[in-house]
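This is what each chain is made of:
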Amino acid sequence: MALEARVASLEKQLAAQNEGLGSPDSMKDNSRREQDEVVSVVTAPVSDPSADGTTGEEAMDDLANALGCFTLGEIGELRYFGASSNFSIIQNHSIKVPSSIQARNRGIEAARKMPKLFKPTDELRDHLLTLFWRWQNSWQYIVPRELFVRDLYVDKVGRYCTPLLLTAILAVSSRYSPRLELRTDPDDANTAGEAFAAQAKTMLHFEYEAPTTSTVQATALLGLYWASIDNEGLGFMFIGMASRMAMNLGLHSDCSPYAAKGLVSDDDVEARNVTFWGIYVLDK
């Protein structure tokens with residue numbers, strides 16, 4: 001009985017409230033109140049980005065700088081330090097970072113000491129490069145061809161064509177070739193490129209201590225190689241490593257202001273952009 005009485009009391013209160021809301025005066029008051037609220041929102045002053053002399057682009061740059069900054073590495077490569085790093089406080093200054101040249105040389109030396117080092121002839125190298133440009137890099141664009149070829153045949157400075165990157169390319173492109181000398185087991189086509197992959201993995205073990213843009217490219221290509229021989233777990237791990245290295249180098253950030261100041265070349269900007277978006281697609 002007590003519960004029924006309580007329910008009846010609540011129903012009466014609800015009915016009385018509904019009657020009050022339904023009256024013309026109350027509806028008019030509610031309408032005026034809602035109109036006042038809308039007007040207050042619409043007529044609220046909107047901040048003008050240019051009022052303090054700061055454009056939207058400059059404001060975005062300020063925000064990006066607050067989250068991290070670039071600094072120049074040993075060979076002119078840009079390094080990126082996030083907001084959690086104290087180095088982000090010291091902007092536009094060279095900061096001592098691990099030597100990419102020394103790391104590369106240690107990797108090359110370790111690969112040379114491998115018992116089954118495979119050194120391809122120029123003819124075999126060019127054969128595999130042709131396959132790579134035609135069947136691999138044409139749809140998974142990671143390596144800027146013009147920069148790589150110019151460095152390999154003309155400049156020969158090892159900036160866009162490094163031993164690690166070249167070996168990783170040969171490992172992947174061996175998967176497209178029927179030539180038996182590329183297999184560790186002539187009767188097993190799945191072993192094509194295995195020797196190159198082992199050499200590249202050895203070099204990478206040293207080079208990822210001080211990665212460059214070419215290190216990121218090589219790591220991603222090794223990930224594709226492992227995935228192509230049905231080792232998807234290892235392949236995804238290498239692609240993930242490439243993604244983290246890309247973030248470490250700041251490939252995800254716009255470095256065009258540094259190019260405008262002459263701190264980095266336009267070729268470097270192109271290589272960074274191609275590499276980042278190639279890794280981005282692979283990691284999705």
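Keep in mind that this is a model prediction, so the values were computed, not measured.

(A) Representation of the environment of G223 in the model. Looking at where G223 falls in the secondary structure, it is placed in helix α9 (residues 213-228). Classification of G223 as buried rests on a relative accessible area of 0%.

(B) Fine view of the confidence of the model for the protein. Of the residues in the protein, 68% have a pLDDT of 70 or more, and the chain-wide mean is 81. The element-level mean pLDDT for the protein is lowest in helix α2 (residues 24-42), coming to 41, with helix α7 (residues 163-173) highest at 98. Counting interchain partners and residues more than four positions distant, the pLDDT-below-50 stretch residues 30-51 has 3 contacts.

(C) Representation of a nonpolar patch on the surface. A contiguous nonpolar surface patch, about 380 Å² in accessible area, is contributed by W135, W139 and Y176. You can see Y176 is positioned in the loop between α7 and α8 (194-207). Judged by relative accessible area, which is 34%, Y176 ranks as partly exposed.

(D) Representation of a negative patch on the surface in the model. Together, D185, D187, D188 and E194 line one region of the surface with negative charge. In this structure, D188 sits in the loop between α7 and α8. You can call D188 partly exposed: its relative accessible area is 32%.

(E) Structural view of the packing of aromatic side chains. Inspection of every chain in the model, using the stated rule, returns 8 aromatic pairs. When the ring of F132 is compared with that of W133, the centres are 5.1 Å apart and the planes differ by 65°; the resulting orientation is edge-to-face. On the accessibility criterion, F132 (0% relative accessible area) is buried. W133 sits in the buried class, given a relative accessible area of 9%. Between W226 and F238, the ring centres sit 6.3 Å apart and the planes meet at 45°, which makes this aromatic pair tilted. On the criterion of sequence distance, the pair formed by W226 in helix α9 and F238 in helix α10 (residues 232-248) is long-range, its members being 12 residues apart. Assessed through its relative accessible area of 4%, F238 is described here as buried. Here a set of aromatic residues connected by ring pairs shows up, and it is made of F132, W133 and F148.

(F) View of the side chain of D151. Counting through the fold element by element, D151 comes out in helix α6 (residues 145-155). Although D151 is buried, it makes no salt bridge; R104 carries the closest opposite charge, 7.3 Å away. A distance of 3.2 Å separates a polar side-chain atom of D151 from the backbone nitrogen of G158. A polar atom in the side chain of D151 sits 2.7 Å from the backbone nitrogen of R159. Apart from residues lying up to four places away in sequence, D151 is in contact with K156, V157, G158, R159, Y160 and C161.

(G) Fine view of the nonpolar core. V143, F148, I169, V216, L221 and W226 are the most contacted members of the largest nonpolar core, which has 47 residues in total. Breaking this core down by element, the ones donating at least two residues are α4 (100-112), α5 (122-136), α6, α7, α8, α9, α10 and α12 (266-282). The residues contacting V216, other than those within four sequence positions of it, are A242, M245, A246, L249, L251, T275 and I279.

Analysis parameters
Along each chain, residue indices are assigned from 1 in the same order as the chain's sequence is written. Since the coordinates come from a predicted model, pLDDT governs what is reported: local features require at least 70, and pairs of side-chain atoms require 80 or more to be given and counted, while whole-chain, interface and lining totals use all residues. The basis for the side-chain values is all heavy atoms of the structure; hydrogens and waters are excluded. Per the convention used, a helix needs a DSSP run of H or I reaching at least four residues, while a strand needs a run of E reaching at least two, with both numbered from the N terminus. Only protein chains enter the accessibility calculation, which uses a 1.4 Å probe; a residue is then buried when its area is under 20% of its type maximum, exposed when over 50%, and partly exposed in between. Residue-level confidence of the predictor is summarised by pLDDT, bounded by 0 at the bottom and 100 at the top. Note on contacts: a residue pair qualifies if any of its non-hydrogen atoms lie within 4.5 Å across the two residues. Patch membership needs two things, relative accessible area over 30% and no salt bridge, and members are linked within 9 Å if like-charged or within 5 Å if nonpolar (Val, Leu, Ile, Met, Phe, Trp, Tyr). Using a 1.4 Å probe, accessible areas were evaluated by the Shrake-Rupley method; residue-level cover was limited to the displayed protein chains. We count a salt bridge whenever a side-chain nitrogen from Lys or Arg sits within 4 Å of a carboxyl oxygen from Asp or Glu. For the purpose of counting charges, residues Lys and Arg are taken to be positive, whereas Asp and Glu are taken to be negative. His and the chain ends are not included. Here the site of a charge means atom NZ of a Lys, CZ of an Arg, CG of an Asp or CD of a Glu. Any two rings among Phe, Tyr and Trp, with Trp reduced to its six-membered ring, count as a pair given centres within 6.5 Å; such a pair is stacked if its planes are under 30 degrees apart, edge-to-face if over 60, and tilted if neither. Polar contact is the term for a pair of N or O atoms within 3.5 Å; when the atoms are in protein, one must be able to donate a hydrogen and the other to accept it, and sequence-neighboring residues count only if both atoms are side-chain atoms. Buried Ala, Val, Leu, Ile, Met, Phe, Trp, Tyr and Cys residues that are joined via side-chain atoms within 4.5 Å together make up what is termed a nonpolar core.

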